[in-house]
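# Chain and residue survey
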Amino acid sequence: SQSKQVLIENAVLMIEQQRVRYPDLKPLVAELEAFQFVTSAAGNLKMSAPEGSHDDAVIAFALMCWPLARLSGGLSQSAMEALYGEAARNPISGVGGVGILKKQF
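Residues numbered from 1 in each chain as written. Predicted model: local features only at pLDDT ≥ 70, side-chain atom pairs only at ≥ 80, totals over all residues. Heavy atoms only, no water.

The next subject is the overall build of the chain. Along the backbone of the chain there are four helices and four strands. For the chain, the succession of helices and strands along the chain, N to C, is α-α-β-β-α-α-β-β. Across the 105 residues of the chain, 30% fall into the buried class. Taking contacts inside the chain between residues at least 6 apart in sequence as the whole, the part at least 24 apart equals 57%. Roughly 7,100 Å² of accessible area belongs to the chain as shown, and the carbon and sulfur atoms make up 55% of that amount. (Helix = DSSP H or I, 4+ residues; strand = E, 2+ residues; numbered from the N terminus. Buried < 20%, exposed > 50% of the residue type's maximum accessible area, 1.4 Å probe, protein only. Contact = heavy atoms within 4.5 Å. Areas by Shrake-Rupley, 256 points an atom, 1.4 Å probe, with all protein chains shown as cover.)

Put into C-alpha cells, the structure is as follows:
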C-alpha cells in the first residue's frame, strides 16, 4: 500500500505541475475521475476505485509517470528508497525506470 501511495502521489504531482499529460481515452479519464482517497476507520489512507469499479488504467498511468519523474527530478531519492530500499541507489538495477533501446529511463 505504501508503494501504491507513492506512485499515485507522484502522478498527481506531475499532472498538477503540468509535467505530464494523459490521453483523452474514455476508460482512463473515467477511472481518473472516479479514483478515491478514503481514510479508513484506523486512520490509514486507502486509494482505489469505488466499489465495483476498476483502477487498472490509473495504476498503468501512474507507473508510466514513475520513470518520467526521475528524469525531471519530480521524485525524491528518499521516496525511491522508501519503495525500493538499497536497490534505488543502484542505477544499473533499472529500478524506477524501463530500458528502451538500451537506454535507461
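This brings us to the nonpolar core. I8, F61 and C65 are the most contacted members of the largest nonpolar core, which has 15 residues in total. If you list the elements that add at least two residues to this core, you get α1 (2–16) and α3 (56–72). With six residues, α3 is the single largest residue contributor to this core. In contact with C65, not counting residues within four places along its chain, are N10, A11, M14 and V20. (Core = buried A, V, L, I, M, F, W, Y, C linked by side-chain atoms within 4.5 Å.)

Let's shift gears to unusual backbone geometry. Positive phi values are uncommon outside glycine, yet Q18 reaches one of about 55 degrees. Position of Q18 among the secondary structure elements: in the loop between α1 and α2 (26–34).

Quick look at the pairing of strand β1 (residues 36–39) now. By the bridge criterion, four bridges tie β1 to strand β2 (residues 45–48) in an arrangement that is antiparallel. The partner of Q36 across the bridge, within β2, is S48. Here β1 folds back onto β2 in antiparallel fashion, the turn holding five residues, of which G43 has a positive phi close to 90 degrees. (Pairing = 2+ DSSP bridges.)

All told, the structure shown has one salt bridge when counted by the stated rule. In this structure, D55 and K4 form a salt bridge, with 3.3 Å as the shortest nitrogen-oxygen distance. Separated by 51 residues along the polypeptide, D55 in the loop between β2 and α3 and K4 in helix α1 bring together distant segments of the chain. The class of D55 is buried, set by a relative accessible area of 15%. According to the relative accessible area criterion, K4 is partly exposed, its value standing at 26%. (Salt bridge = Lys/Arg side-chain N within 4 Å of Asp/Glu carboxyl O.)

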